[in-house]
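Here is how the chains run, residue by residue.
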Amino acid sequence: MIGFKKHRGLKRYYKNLITKIDPDEISKLAVDNPKPWFKSQHLHFDIRGYGNNSFKRRKLHLEKLFRHFEFLVEITKNSKAGFQLYAVLCDYHSRSDALFLHTPNPENNQFPFKVSDLQQATTLTNKSLNEYVDHLNGYQIRYGNAGEAFCLLFKENVGEPFW
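Residues numbered from 1 in each chain as written. Predicted model: local features only at pLDDT ≥ 70, side-chain atom pairs only at ≥ 80, totals over all residues. Heavy atoms only, no water.

What about the overall build of the protein chain?
1) Next: Counting its regular elements, the protein chain contains four helices and five strands.
2) Next: Reading the secondary structure of the protein chain in the N-to-C direction produces α-α-β-α-β-β-α-β-β.
3) Next: A total of 163 residues make up the protein chain; the buried ones form 40% of that total.
4) Next: Within the protein chain, contacts between residues at least 6 apart in sequence are counted, and of these 65% link residues at least 24 apart.
5) Next: Accessible surface for the protein chain amounts to roughly 10100 Å². Of this, 50% is attributable to carbon and sulfur atoms. (Helix = DSSP H or I, 4+ residues; strand = E, 2+ residues; numbered from the N terminus. Buried < 20%, exposed > 50% of the residue type's maximum accessible area, 1.4 Å probe, protein only. Contact = heavy atoms within 4.5 Å. Areas by Shrake-Rupley, 256 points an atom, 1.4 Å probe, with all protein chains shown as cover.)

So, the pattern of salt bridges
1) Next: What the rule picks out here adds up to three salt bridges.
2) Next: As a salt-bridge pair, Glu74 and Lys77 come within 3.1 Å of each other at their nearest N and O atoms.
3) Next: Among the residues examined, Lys77 registers a relative accessible area of 55% and is labelled exposed. (Salt bridge = Lys/Arg side-chain N within 4 Å of Asp/Glu carboxyl O.)

Some thoughts on the packing of helix α3 (residues 55-76) against helix α4 (residues 127-134)
1) Next: In contact at an axis separation of 11 Å, α3 and α4 are set at 30° when each is read in the N-to-C sense. With respect to α4, the axis of α3 lies roughly parallel. In terms of crossing hand, the pair formed by α3 and α4 is right-handed. Contact with α3, carried on its side by Phe55, Arg58, Lys59, Leu62, Glu63 and Phe66, involves Ser128, Leu129 and Tyr132 of α4 and no other residues of that element.
2) Next: Taken together, the residues of the contact of α3 with α4 sort by class into five nonpolar, one polar and three charged. (Axes fitted to C-alpha atoms, helices over the stretch in contact; angles between N-to-C directions. Parallel < 35°, antiparallel > 145°, perpendicular 65-115°, else oblique. Left-handed = near helix turned anticlockwise from the far one by under 90°. Nonpolar A, V, L, I, M, F, W, Y, C, P; charged D, E, K, R; others polar.)

Some points on the sheet that holds strand β2 (residues 84-90)
Sheet strands pair via backbone hydrogen bonds, and the direction of the pair is either parallel or antiparallel.
1) Next: A sheet is described by the order of its strands in space; here five strands give the open sequence β1-β3-β2-β5-β4, paired in antiparallel fashion. The sheet is open, and its two edges are formed by β1 (41-44) and β4 (140-145), each paired on a single side. Averaged over all pairs of adjacent strands, the angle between strand axes in this sheet comes to 25°, irrespective of strand direction.
2) Next: Of the strands in this sheet, β2, β3 (98-102) and β5 (149-159) are in contact with α3, which crosses β2 at around 175°.
3) Next: The strands touched by α4 within the sheet are β2, β4 and β5, with β4 carrying the most contacts at an inclination of about 155°. (Pairing = 2+ DSSP bridges.)

Section: the pairing of β4
1) Next: With six bridges connecting them, β4 and β5 associate as antiparallel partners. In the sheet register, Gly144 faces β5, and the bridge partner there is Phe150.
2) Next: From the end of β4 to the start of β5, which pair antiparallel, there are three residues, and Gly147 there has a positive phi angle of about 85°.

Here it is in structure tokens:
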């Protein structure tokens, strides 16, 4: 089989995915910097796209994304600077799912990010993802389509509002 690469260590990879919050990933956001600014800084949790072929695998990556989301909510509670914390999930591309931290910054004036053109009715065609998103508690969800259906998730009263 030419071109097929076996991925070694997947058992350990998934075990770590389930149990760990990566301080290295969080430190990339430098949220403890006294004068931080982020231009839609984001973290991806399925860099290799393992979840593209199996929602069972994707779900583990999504759970890690939302564990990090909750961790960032706690870290940013005492932040004096304005920020927006949100996740974007794409219909079928697990590698594109990301957690974003956005603040006022000198490189653009699109802060706060507004979602007026997104809707409350789902645009997702991935039934498994749609069911997963529907069962999340405490998140506001807006849907859109930009070449592929996606959803944007955020928490009310965490950071600046989206409208």
